[in-house]
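Structure assessment
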Amino acid sequence: MPITWAAFNIKWQGDRPVSSAASVRYRLIVPAQAHAASGHEVKFLQLGLDSRPEEVARDLAAGVLVVPKLSPDVSVFDRMATLMLDLIGRARERGVRVLVDVSDDHFSDPLRGKYLARAVKECDGVVASTPAMAAIVRAHTAKPVQVVGDPYEGPQGTPRFDPPAPWPSRLLAHLLRTLLSGGRRSRPLRLLWFGHESNLESLALQIPRLRSLTARYPVEVHVVTSPRPEIVSLCERLDGDHSPALKPQPQCCEPFALAAAAFGFLALHSARSAMARA
């Protein structure tokens, strides 16, 4: 069965689709490659702001059209949304089944909410990333909703969980341990925050909650995200605002997964998206 993914932000390295956006990789590229390996005919439909939906729809083979998340770029979002909604309608008129993929709760977002609410009503069905996300979608549409979780990117490894011993809770025992160690700093509890820079302020809201841990451990929070100057500035601000035993450290990397593999044994959720991804 032909399956076509339509998107505005697919890039190519030779004949291989690539993207710096995590959602494009794990909600579009990886699933498409898995379907192709299973014997399905898979196509990527690269849309542009000048695309004409009537021409695009004419070239669609009967089968399934998958509509992924749109970029939140304010300067072009309305144009992308208009094109995608037009394409959804024209594809269905030609007998193509249209699935909308929803992996984040943006229904109340001022920019994306109106488009998303229309898209889940005007398609044939919805794919949601988690059961919690599916429940949110069902509040906005009567169309069938199926849960398809995020895939692993790259080989799946064994978690490395080796937390340091906590400092003794009693002050005297803590002082004795410090003296016996020659004042050497204990091995830190290393935490990992891994995500998109748009959620960094959400991370900033959670950092104060970690202060209670610093009574028992020195804590390092490794912030793994795309390379932006404001990431370093945020970490420096958080470092100055909190206990010396709590150290936010930027680990900018692209793709993110290369850096994520190097640390951590405890992931921190962004408050805004944790419920939908539960």
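Refer to the structure printed above.
Keep in mind the model is a prediction, meaning the values are calculated, not measured.

What follows is about the pattern of salt bridges. Going through the model one piece at a time under the given rule, you end up with 11 salt bridges. As a salt-bridge pair, arginine 27 and aspartate 101 come within 2.6 Å of each other at their nearest N and O atoms. Note that arginine 27 is positioned in helix α1 (residues 22-37) and aspartate 101 in strand β6 (residues 97-102), a separation of 74 residues in sequence. Take aspartate 101: its relative accessible area is 8%, and that puts it in the buried class. Two residues, arginine 52 and glutamate 54, come together in a salt bridge whose shortest N-O distance is 2.8 Å. Accessibility expressed as a relative area gives 46% for arginine 52, which makes it partly exposed. With relative accessibility at 24%, the residue glutamate 54 sits in the partly exposed group.

Now for the pairing of strand β10 (residues 219-225). Counting buried positions along β10 yields 7 of 7 residues, so the element is predominantly enclosed. Side chains of β10 alternate between two faces, with Val219, Val221, Val223 and Thr225 and Glu220, His222 and Val224 buried alike. Relative to β10, strand β9 (residues 189-194) is paired through 6 bridges, and the arrangement is parallel. In the sheet register, phenylalanine 194 faces β10, and the bridge partner there is valine 224. For the segment spanning β9, helix α7 (residues 200-206) and β10, crossover handedness is right-handed.

Turning our attention to α1. End to end, α1 covers 21 Å across 16 residues, agreeing with the expected 22 Å (1.5 Å per residue, within 8%). Its maximal kink placed at isoleucine 29, α1 deviates by approximately 25 degrees, while the proline proline 31 follows within four residues. Glycine 39 sits one or two positions beyond α1 and adopts a positive phi of about 105 degrees.

Attention now moves to the packing of aromatic side chains. On inspection of all chains with the given rule, the structure shows 2 aromatic pairs. Summarising the aromatic geometry, the rings of tryptophan 12 and phenylalanine 44 are spaced 5.6 Å apart at their centres and angled 80 degrees between planes, so their arrangement reads as edge-to-face. Here the residue tryptophan 12 occupies a position in strand β2 (residues 11-13), and phenylalanine 44 occupies one in strand β4 (residues 41-46), the gap between them amounting to 32 residues. Given the relative accessible area of 43%, tryptophan 12 is considered partly exposed. Classification of phenylalanine 44 as partly exposed rests on a relative accessible area of 23%. Arranged with centres 5.9 Å apart and planes meeting at 85 degrees, the rings of phenylalanine 77 and tyrosine 115 form a pair that is edge-to-face.

Conventions we followed
- Residues numbered from 1 in each chain as written.
- Predicted model: local features only at pLDDT ≥ 70, side-chain atom pairs only at ≥ 80, totals over all residues.
- Heavy atoms only, no water.
- Salt bridge = Lys/Arg side-chain N within 4 Å of Asp/Glu carboxyl O.
- Helix = DSSP H or I, 4+ residues; strand = E, 2+ residues; numbered from the N terminus.
- Buried < 20%, exposed > 50% of the residue type's maximum accessible area, 1.4 Å probe, protein only.
- Pairing = 2+ DSSP bridges.
- Right-handed = clockwise from strand over helix to strand, strands pointing away.
- Expected span 1.5 Å × (residues − 1).
- Bend = angle between axes of the 7 residues up to and from the residue.
- Phe/Tyr/Trp six-rings, centres within 6.5 Å; stacked < 30°, edge-to-face > 60°.

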